[in-house]
Amino acid sequence: HGFNEYSLKGAMDASVEADIDFDYLASESTAIFERNIDKVIAEGADLIFTVGFSLANATAKAAQRYPDRHFVIMDYAYFPGNGCSESVQDCYTEEGGFSNVTSLIFAEDQPAYLAGALAACMSQSDIIASVAGYEIPPVVRFVEGFEKGARWVKPDIVTYKRYIPDFNDADTGHVVAMDFISKGADVLFCPGGSTGLGGLRAATEAGVMAVGVDVDQYLTFPDAGSALITSVMKNVDIAANITVKTFAAGELKAGIQSFDLRNNAVGLAPYHEWQEKIPQQCRDKVAEARMRV
């Protein structure tokens, strides 16, 4: 219902448009990441597209073993000490071993700031909370951007947060969300994959507001539609689509490709059922917040 599904969709659609062969594998555990990468390479893949930080080590090792193949990793960038030599200043050079890797990263804090401003404006209790997944840079940027946007609107607002070290634990997400709701939180931000879906479910059951993540979760997780005032969108499908088509055209370069508000690769989803319930002053706050980031 989000990050992985839409990354796959963007790459798959691009392969059809570019008329290139496409296949994918879903790994049941981290133990088979390297094996699956080796498998698709053995089958002739010229471009290997991995999705998410947990594939970073396997992708780096494969990129060094197969310098004649190009690798793309979604949502992760290599720096000295996290996948290449400490002595290398630029991990995307031949010296660093990653002249065949393209990293796609997003300015998650920018749209999250807008959502935080909206959440603070809409909150009646002046208490909001984040039910998050792993404490990794993209998730931290989500949470910190959300809290900063909220404090810009209401400097004294209470912001709870918890990082849950699992993107596939909806039950824990639900328990954590219910705890925050019991403490008065009336807007929940849930950047946690399937774990976050548990938070959205809790918000819906309790009748409080929620903010989705990565894609327009009003469309992908309609069970929470009544609670969702918006979603913080990372248009991973667009990024994946552009990247695959660029590769097919022979123009994909190694290095970091950044996506942000300026190129409309991130943003807020429509208000949907809340379209008529969000006051104009809150809409104005979101517009003003966009000018600040």
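Quick caveat: nothing in here was measured; it's all calculated off a predicted structure.

> Explain the state of the cysteines here, please?
Two cysteines, two sulfur atoms, one covalent bond between them: this is a disulfide. Scanning the entire structure with this criterion turns up two disulfides. Put simply, Cys 84 and Cys 91 are joined by a disulfide, and their sulfur atoms are 1.9 Å apart. For Cys 84, a relative accessible area of 9% puts it in the buried group. Overall, the relative accessible area of 2% leaves Cys 91 in the buried class. The disulfide bridge from Cys 121 ends at Cys 282, spanning 2.1 Å between sulfur atoms. Given an S-S torsion of about -80°, the disulfide between Cys 121 and Cys 282 has left-handed geometry. Of the two residues, Cys 121 sits in helix H4 (residues 109–122) while Cys 282 sits in helix H10 (residues 280–292), which places them 161 residues apart along the sequence. As far as the burial class goes, Cys 121 and Cys 282 line up, both buried.

> Before we go on, may I ask you to explain the sheet that holds strand S3 (residues 101–106) in this structure?
Across a sheet, strands are paired by hydrogen bonds formed along the backbone, either parallel or antiparallel in direction. Read across the open sheet, the four strands follow the order S1-S2-S3-S9; overall the sheet is parallel. Each edge of the open sheet is held by one strand with a lone partner, namely strand S1 (47–51) and strand S9 (255–259). When the angles between neighbouring strand axes are averaged without regard to direction, this sheet yields 20°. Where strand S2 (residues 70–74) meets S3, four bridges bridge the pair, whose relative direction is parallel. Within the sheet, the bridge partner assigned to Val 72 lies in S3 and is Thr 102.

What counts, and at which threshold
Residues numbered from 1 in each chain as written. Predicted model: local features only at pLDDT ≥ 70, side-chain atom pairs only at ≥ 80, totals over all residues. Heavy atoms only, no water. Disulfide = S-S within 2.5 Å. Buried < 20%, exposed > 50% of the residue type's maximum accessible area, 1.4 Å probe, protein only. Helix = DSSP H or I, 4+ residues; strand = E, 2+ residues; numbered from the N terminus. Pairing = 2+ DSSP bridges. Axes fitted to C-alpha atoms, helices over the stretch in contact; angles between N-to-C directions.

It is worth stressing that arrangement in space is one thing and function is another; only the former is reported here.
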